[in-house]
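What follows is each chain in one-letter form.
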Amino acid sequence: MIRTTHIGIDPGRTSGGIAYLTSHDTSPVALAMPKTDTDVLNMIRELAEGEDQAICFHLEEIPLFVGGGKAAASIIKVKGHQSLIEGMIRMAQVMISTSEKQISINMIPPKRWQKGLSIPPKVRSESSPQWKRRLKEVAAKMFPTAKITANTADALLIMEFGRRESRSSPSF
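Residues numbered from 1 in each chain as written. Predicted model: local features only at pLDDT ≥ 70, side-chain atom pairs only at ≥ 80, totals over all residues. Heavy atoms only, no water.

Re the overall build of the chain
Here comes step 1: Each helix and strand counted, the chain has five helices and five strands in total.
Here comes step 2: Counting from the amino terminus, the chain carries its helices and strands in the arrangement β-β-β-α-β-α-β-α-α-α.
Here comes step 3: Taking the contacts inside the chain whose residues are at least 6 apart along the sequence as the reference set, 62% of them involve residues at least 24 apart.
Here comes step 4: Counting every atom, the chain has about 9,500 Å² of accessible surface; 56% of that belongs to carbon and sulfur. (Helix = DSSP H or I, 4+ residues; strand = E, 2+ residues; numbered from the N terminus. Contact = heavy atoms within 4.5 Å. Areas by Shrake-Rupley, 256 points an atom, 1.4 Å probe, with all protein chains shown as cover.)

As for the pattern of salt bridges
Here comes step 1: Enumeration according to the criterion identifies six salt bridges in this entry.
Here comes step 2: A salt bridge links Arg-3 to Asp-52; the shortest N-O distance between them is 3.5 Å. In this pair, Arg-3 is assigned in the segment before strand E1 (4–10) and Asp-52 in the loop between helix H1 (37–48) and strand E4 (54–60), connecting sequence segments 49 residues apart.
Here comes step 3: Note on Arg-3: relative accessible area 41%, which makes it partly exposed.
Here comes step 4: A salt bridge links Glu-165 to Arg-112; the shortest N-O distance between them is 2.7 Å. Of this pair, Glu-165 sits in helix H5 (residues 153–168) while Arg-112 sits in helix H3 (residues 110–116), placing them 53 residues apart in sequence.
Here comes step 5: Looking at Glu-165, the relative accessible area reads 23%, which means it is partly exposed.
Here comes step 6: Each of Glu-160, Arg-163 and Arg-164 takes part in salt bridges that share partners, so that together they form one network. (Salt bridge = Lys/Arg side-chain N within 4 Å of Asp/Glu carboxyl O. Buried < 20%, exposed > 50% of the residue type's maximum accessible area, 1.4 Å probe, protein only.)

Overview of the confidence of the model for the chain
In low-pLDDT regions, the fine details of the predicted coordinates are not to be read closely.
Here comes step 1: Taken as a whole, the chain shows an average pLDDT of 83; of its residues, 80% reach a score of 70 or greater.
Here comes step 2: Per-element confidence in the chain is highest for H3, whose mean pLDDT is 95, and lowest for helix H2 (residues 72–95), whose mean pLDDT is 63. (pLDDT = per-residue confidence, 0-100.)

Below, the structure written as structure tokens:
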């Protein structure tokens, strides 16, 4: 059995988060998205250089159209941050390619991880804060010992979906 670290990333620049669970941890660690790109890169590199033989990055893939009155400019900013993070992970793959470590990137659209975790879709009458609260409640039920905030709930759920999906169809 290959020891694997699963990392969930919600790429929001100001409201995103990173959650990870190593093979020797019993509870995930959830952190708000680092403030600078350098800090994001350093965190990705540190996680990729961890003890486990395989590192699975589960990165939320931001659709170009999300509806719900989201401004195109804000979607483009988040999509740009997602692309930047994906590039950083690919750079970590190259930097660590000489080791025996396997690094993968799993791009996961929001609707896929939400459906996979049996989370009912956001309804029109539900405000963004209400929706975020609901996601936070789901994450708290799954991880009762983790410190969960509005910024880290999605990352935890993305990580958990990716971990379950990897278990059912391992790529390593």
